[in-house]
Amino acid sequence: MSQQTFLPPNRSRKKRVIFITIIVLLLLVGGAFFYAQSRLTPVDRNSNKKVNVTIPQGSSVQSIGTVLKKEDLIKSKSAFRYYVKLTHVSGFQAGTYLFSPSMSLGEMVEKMEKGEVSKQPDIRVTIPEGRQLVEIADIIAKNTKFTKDEVMKKLDDKAFVNKMKEKYPDVVTDEVMQKDIKHPLEGYLYPVTYDFYDKNVSLDEILDKMVGKTNNVLGQYSGQMKKKKFSAHKLLTMSSLIEEEATAKVDREKIASVFYNRLEKNMPLQTDPTVLYALGEHKDRVFYKHLEVDSPYNTYKVKGLPPGPIASSGLMSIKAALHPANTDYLYFLATPEGKVIFTKTLEEHNKEKAKHITGKEKQNTEK
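Conventions adopted
- Residues numbered from 1 in each chain as written.
- Predicted model: local features only at pLDDT ≥ 70, side-chain atom pairs only at ≥ 80, totals over all residues.
- Heavy atoms only, no water.
- Axes fitted to C-alpha atoms, helices over the stretch in contact; angles between N-to-C directions.
- Helix = DSSP H or I, 4+ residues; strand = E, 2+ residues; numbered from the N terminus.
- Left-handed = near helix turned anticlockwise from the far one by under 90°.
- Contact = heavy atoms within 4.5 Å.
- Phe/Tyr/Trp six-rings, centres within 6.5 Å; stacked < 30°, edge-to-face > 60°.
- Buried < 20%, exposed > 50% of the residue type's maximum accessible area, 1.4 Å probe, protein only.
- UniProt positions renumbered as here; feature names shortened; annotations may be inferred.
- 1 Å grid on protein atoms, 1.4 Å probe; cavity = no way out; pocket = protein on both sides within 12 Å on 5 of 7 lines; lining within 4 Å.
- Points joined across faces, edges and corners; volume = space filled by probe spheres on them.
- Domains from an automatic or database assignment.
- Parallel < 35°, antiparallel > 145°, perpendicular 65-115°, else oblique.
- Nonpolar A, V, L, I, M, F, W, Y, C, P; charged D, E, K, R; others polar.

## Notes on the packing of helix H10 (residues 232-245) against helix H13 (residues 315-322)
Point 1. For the pair H10 and H13, interaxial distance at closest approach is 8 Å and the crossing angle is 115 degrees. Viewed along their axes, H10 and H13 form a crossing whose handedness is right-handed. Residues Leu-235, Met-238, Ser-239, Ile-242 and Glu-243 of H10 touch H13, and the partners they reach there are Ser-317, Ile-318, Ala-320, Ala-321 and Leu-322.

Rendered as structure tokens:
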């Protein structure tokens, strides 16, 4: 008589559950894969439409995805973002590109990575980080048909400032019009390269684009700003101090921590760039006589932050202002070699100053 093996009911049920679970998972993974693949395909393979898309210098992957989706060139901003991340694209080159809905997401990414632009800009204006408004006005004047005086007049024009307030209410607020503010839009022209494809572009358009860039950059950090109860004005003011004190080798988060620690202890910030801004001139060194300048921007005489930004700060300084290091430092000293030394007490600070500044000056004099 043949023997039959019977599985216990529980074991048989478990096997069926495992088998069904595996099938469901495979279907889900397969479905997700095909869905993701469909997001990467052209919006319309048969389209003959051509679209010029301008990618400004320093644009984030998110902002580029937003532009491409707005022009109906891609199916999904998320798919674009994940594709860039998964394919380890090193970066995109600024410029104007000719795209079509018949192109795949990968084809557009490749063009932007290689910099295969369709048109060279008629005007290019590059604003370096840490430049004051008068310096920026000079840069604009050298690259356009407008004079420095015309640029400054427009930037200080109440009607233009109000126009920016209406257009970018989350960033340009009533704080820019406080009585002690030197220039309302100081710090509000974001430092990056701007391309214009019309040689007759108006001054309003040029400046609007620069303020708009600041609005876009700060918009990415609106949640963090609300959490820290920072207005855009306060953030740009603090980040401008960090920008002006920073060197290529410095840890900006530590500089930020010094400023915040001093504010918490009700100590004056005592940062030299604010004195130079109050004086309205560039100097290689700040002497004791300069510290007496009577100005609300002079942080040696006035406690707290100055009335507004003293320069245009870049992303690194903005991030440092939002996320300072956790330190006990109250002082920092920049050496002639560009190194920054942080200390906790005035005694330590003076020792480092004697070693790196005063001592070297004495040696040079004796020579």
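There's plenty left to go through after this.
## Observations concerning the packing of aromatic side chains
Two numbers describe a pair of aromatic rings. These are the distance of the centres and the angle of the planes.
Point 1. The tally for this structure, following the rule as stated, stands at seven aromatic pairs.
Point 2. Between Phe-230 and Tyr-260 the ring centres are 6.3 Å apart and the planes differ by 15 degrees, which places this aromatic pair in the stacked class. Here the residue Phe-230 occupies a position in the loop between helix H9 (222-227) and H10, and Tyr-260 occupies one in helix H11 (residues 252-264), the gap between them amounting to 30 residues. You'll find Phe-230 and Tyr-260 in the same group, each marked buried.
Point 3. Each ring, one from Phe-332 and one from Phe-342, has its centre 6.0 Å from the other, and the planes form 50 degrees; the classification is tilted. Of this pair, Phe-332 sits in strand S5 (residues 331-334) while Phe-342 sits in strand S6 (residues 340-343), and the two are 10 residues apart along the sequence. Each member of the pair Phe-332 and Phe-342 is classed as buried.

## A word on the UniProt feature "site: Important for catalytic activity" (unreviewed entry) in the chain
Point 1. Under the local residue numbering, the UniProt record ascribes the feature "site: Important for catalytic activity" (unreviewed entry) to Glu-245.
Point 2. In this structure, Glu-245 sits in helix H10.
Point 3. Here Glu-245 is in contact with Ile-255, Phe-259, Thr-271, Asp-272, Pro-273 and Phe-332, once residues within four sequence places are set aside.

## Things to note about the layout of surface pockets
Point 1. Put simply, the second largest pocket is a space of about 860 Å³.
Point 2. Along the walls of the second largest pocket sit 29 residues, with Pro-56, Ser-59, Ser-63, Val-67 and Asn-216 positioned nearest its centre.
Point 3. Only strand S1 (51-55), helix H2 (61-70), strand S4 (193-196), helix H8 (203-219) and H13 provide two or more residues apiece to the lining of the second largest pocket.
Point 4. The biggest single contributor to the lining of the second largest pocket is H2, with six residues.
Point 5. Here the lining of the second largest pocket gathers at least three residues from each of two domains, domain 1 (60-73 + 103-117) and domain 2 (124-328).

## Examining the packing of H11 against H13
Point 1. Interhelical geometry of H11 versus H13 gives an angle of 45 degrees and a closest axis separation of 8 Å. In this view, H11 runs oblique relative to H13, as classed from their interaxial angle. Judged by the sense of rotation from one axis to the other, the crossing of H11 with H13 is right-handed. Contacts from Arg-252, Glu-253, Ala-256 and Tyr-260 in H11 reach Met-316, Ser-317, Ala-320 and Ala-321 in H13.
Point 2. Per-class residue counts for the contact of H11 with H13 are five nonpolar, one polar and two charged.

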